[in-house]
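Topology and contacts: notes
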Amino acid sequence: MELPNAYEDLSSEMEVDAFRRLFPLRYFERHLTESIRPDARPLRKARDTTIALGAVASADGSALAKIGSTTMLAAIKMEVMTPSLESPDEGCIAIDFHMPPICSPNVRPGRPAEAAPVLSKQLSDTITSSSMINLKELSLVSGKAAWIAYLDIYCLDADGALFDAALLSAAAAFSHLQIPVVSLDSDGKIVIMSEEQKEKISETKPDNKEKRKLTLSTIPFSLTCILYKSYILADPTAEEESIMETLVTVVLDSSGQLVSLYKPGGSVLIYTSAVQVNLLFPPYIVMALEICRDLYHSCRCCFVIFDINIHA
Amino acid sequence: MATKPGTTSTTYSPIDPTHKTKPSIFTDSDWVRPDSRGFHQCRPAFFRTGAVNSASGSAYAEFGNTKVIVSVFGPRESKKAMMYSDIGRLNCNISYTTFATPVRGQGSDNKEFSSMLHKALEGAIILESFPKTTVDVFALVLESGGSDLPVVISCASLALADAGIMMYDLVTSVSVSYLGKNLLIDPILEEESCQDGSLMIACMPSRYEVTQLTVTGELSAPNLSEAMQLCLDACAKLAQIMRSCLKEAASAAEE
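Conventions we followed
Residues numbered from 1 in each chain as written. Chains lettered and ligands numbered in written order. Predicted model: local features only at pLDDT ≥ 70, side-chain atom pairs only at ≥ 80, totals over all residues. UniProt positions renumbered as here; feature names shortened; annotations may be inferred. Helix = DSSP H or I, 4+ residues; strand = E, 2+ residues; numbered from the N terminus. Buried ≥ 20, exposed ≤ 12 C-beta atoms within 10 Å, placed from the backbone. Contact = placed C-beta atoms within 7 Å. Pairing = 2+ DSSP bridges. Axes fitted to C-alpha atoms, helices over the stretch in contact; angles between N-to-C directions. Nonpolar A, V, L, I, M, F, W, Y, C, P; charged D, E, K, R; others polar. Parallel < 35°, antiparallel > 145°, perpendicular 65-115°, else oblique. Left-handed = near helix turned anticlockwise from the far one by under 90°. Core = buried A, V, L, I, M, F, W, Y, C linked by C-beta atoms within 7 Å. pLDDT = per-residue confidence, 0-100.

Taken from UniProt, the Sequence similarities (unreviewed entry) comment for chain B reads in full: "Belongs to the RNase PH family."

For chain A, the name recorded in an unreviewed UniProt entry is Ribosomal RNA-processing protein 43, with Dipteronia dyeriana as its organism. On record in UniProt, under Sequence similarities (unreviewed entry), the comment for chain A is "Belongs to the RNase PH family."

**A look at the overall build of chain A**
From N to C terminus, chain A includes nine helices and 14 strands. Scored against the burial criterion, the 312 residues of chain A give a buried share of 39%. Considering only contacts within chain A whose residues lie at least 6 apart along the sequence, 68% involve residues at least 24 apart.

**Some points on the UniProt feature "domain: Exoribonuclease phosphorolytic" (unreviewed entry) in chain A**
Per the UniProt annotation, the sites labelled "domain: Exoribonuclease phosphorolytic" (unreviewed entry) are residues 46-180 and 219-268 of chain A. Helix makes up 22% of residues 46-180 of chain A and strand 36%, whereas the separation of the span's terminal C-alpha atoms amounts to 37 Å.

**Quick notes on the UniProt feature "domain: Exoribonuclease phosphorolytic" (unreviewed entry) in chain B**
Mapped onto the present numbering, the UniProt feature "domain: Exoribonuclease phosphorolytic" (unreviewed entry) falls on residues 41-165 and 169-230 of chain B. The straight-line gap between the two end C-alpha atoms of residues 169-230 of chain B is 20 Å; of that span, 24% is helix and 45% is strand.

**Structural notes on the sheet that holds strand β1 (residues 45-49) of chain B**
All names here are of chain B. The strand order β1-β2-β3-β5-β4 describes an open sheet built from five strands, whose pairing is mixed. Both edges of this open sheet fall to β1 and β4 (89-96), since each of them pairs with a single strand only. Taking the axes of each pair of neighbouring strands and ignoring which way they run, one obtains an average angle of 15° across the sheet. In the sheet, strand β3 (residues 66-77) pairs with strand β5 (residues 133-143) via nine bridges, with the strands oriented antiparallel. Across the sheet, the residue bridging to E77 is T133, located in β5.

**Topic: the sheet that holds strand β7 (residues 182-185) of chain B**
Residues and elements named next belong to chain B. Pairing in this open sheet of four strands is antiparallel, and the strands run β7-β6-β8-β9 from one edge to the other. The open sheet has two edge strands with one neighbour each: β7 and β9 (209-216). Neighbour-to-neighbour, the strand axes of this sheet turn through a mean angle of 20°, independent of strand direction. Pairing geometry for strand β6 (residues 172-179) and β7, over four bridges, is antiparallel. What sits directly across from V176, in β7, is I185. Relative to β6, helix α2 (residues 148-162) is tilted by about 170°, and along the sheet it contacts β6 and β8 (197-204).

**Looking at the interface of chain B and chain A**
Contacts between chain B and chain A engage 34 residues on the former and 42 residues on the latter. Listed by contribution, the elements that provide at least two residues to the side of chain B that touches chain A are β3, β4 and β5 of chain B. For the side of chain B that touches chain A, the element with the highest residue contribution is β5(B), accounting for four residues. Residues that form the side of chain B that touches chain A fall into these classes: 16 nonpolar, 14 polar and four charged.

**Regarding the environment of A65(A)**
Residue and element names in this part refer to chain A. Considering the arrangement of structural elements, one finds A65 in strand β2 (residues 61-67). A tally of 28 C-beta atoms within 10 Å means that A65 is categorised as buried. Taking C-alpha positions, A65 is 16 Å from P236, a pair spaced 171 residues apart along the chain. Setting aside anything within four residues of it in sequence, one finds A65 in contact with I51, M72, A165, L168, S169 and A172.

**Side note on the environment of M116(B)**
Structurally, the position occupied by M116(B) is in helix α1 (residues 111-122). Given 21 C-beta atoms within 10 Å, M116(B) falls into the buried group.

**With respect to the packing of α2(B) against helix α4 (residues 221-254) of chain B**
Angle between the axes and distance between the axes: these two values describe a pair of packed helices. All names here are of chain B. Where α2 meets α4, the closest approach of the two axes is 11 Å, and the angle between their N-to-C directions is 30°. Classified by the angle between their axes, α2 and α4 sit roughly parallel to one another. In terms of crossing hand, the pair formed by α2 and α4 is right-handed. Along its contact with α2, which presents S154, L158 and A161, the element α4 presents L238, M242, C245 and L246. Classifying every residue of the contact of α2 with α4 gives six nonpolar, one polar and no charged.

**Looking at the nonpolar core**
Grouped together as the largest cluster of nonpolar side chains are 147 residues, with contacts concentrated most on L117(B), V137(B) and V152(B). If one sorts the elements of this core by residue count, helix α5 (residues 162-176) of chain A sits on top with 11 residues. Leaving out residues up to four positions away in the same chain, L117(B) has contacts with C92(B), I94(B), V137(B), A139(B), V152(B), I153(B) and A156(B).

**Regarding the confidence of the model for chain A**
Residues and elements named next belong to chain A. Looking at chain A, pLDDT values average 77 and 75% of them are 70 or higher. Counting contacts from residues 272-284, a segment whose pLDDT is below 50, to residues more than four positions away or on other chains yields seven contacts. Within the model, pLDDT remains below 50 along residues 300-312, and this stretch shows six contacts once partners closer than five positions in the same chain are excluded.

Structural data, given as structure tokens:
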């Protein structure tokens, strides 16, 4: 005897919210067959993205990035360190990603979220391997002193695509970073240069008076997609991420080069090995890349707008 | 190369040698506050509810450079280890970001503030309305610009209201620093660092009830009552601002 299909029977009489909670996958599948998502987005559309620079006054560079309701606050504090013997004229970047208990009901104080150290490492790898920042620009006195940029990213609201938002805020914070003007004092310590010193120096070297900005050679930019059956869902929300587990994150840089590609687990792995991966990427990842490129253009507009604001 | 945060002890932030000494102007009679406010004048307060979508209720508060976010979760299931209780539980936590303070910190939890926040809110919440469950109040200080705890307390009560947790009244909190003979309301970080003592009140303005009163340092009786009255007046004004923020949010939701 055949068992009655539980959700088929119930869906007609159940309230939408109850159906969504009890049979989340079924609920999503119903939407997917209509090529729409529960938040009224088409499958391949990302949420609205905004960036605000200079959100934290106590930091040397900061930015607030929002993708939908996912919110990231990144701030950079510059400190002085002694460079390592292997690279005496290079500074360094220390990246940390935090998920404070305010950001999600699943994070409790004293028990850090599992995702935080993973994302921290991913961000750190991406930013160092994308060659966005020339570490030589962070050097102060060769072999003696160099800048260490402490980049701390806080997730203020977690609603999916955390990596994308975090990377966006990190890149924006670096674009906003202003390196303080410093000098070497008699004890060999680096101190902030006083106004009188600045004036003295400006007579001889006028370009050393103002705070310095880093030159960002490329800006890495990422997009996370959900792969579910034959569907690709760009920029997933937390609810979508929790229901459909196969995620792919593609990171591109400003010239459209691939920086990295993450696919942490998920069921599609079997499928990819089955099709032998004779192309470099399976077709759906190529499609994800294309969506990513489109998005990148809209995002670069954001950066351009802010650059104008800064110089004006 | 990225370095692990464990190696922080070997790095330092460059200091400005001209700002080392404590300014002596604090003792002068015609001294003005660093942000040119009057002694009995608070910083402009900004509140906004609904800052965090994934929380049951949340609020953002900005007083000058002091910026905090408070999220409220629940009422939800208490921890398994908890004993049965026929009234609800309140769980509070305050943490700082690493860039909150002028010198980079470790972003640690602030146990003392957490328990003070708990004590300030406890009396205002109708715990009987959510038996067996817990309401979590989590605060993150994005930027510390002085008077952090009073701002967090006010912001937390707004977040509780946003989450629809039953309360007798909104809790508002204001602190006063005393520097010599002067009473400075709503002190900034610089003023707090050289204060002789401070007084903080958390109260329910409509009921004219105080939920928490903290006094540190030496204060004469007439000064004490003056400081308290100053705080209570400021609390009442703060409550009006918070109430209008809630009304705005409610009318925006209706549309």
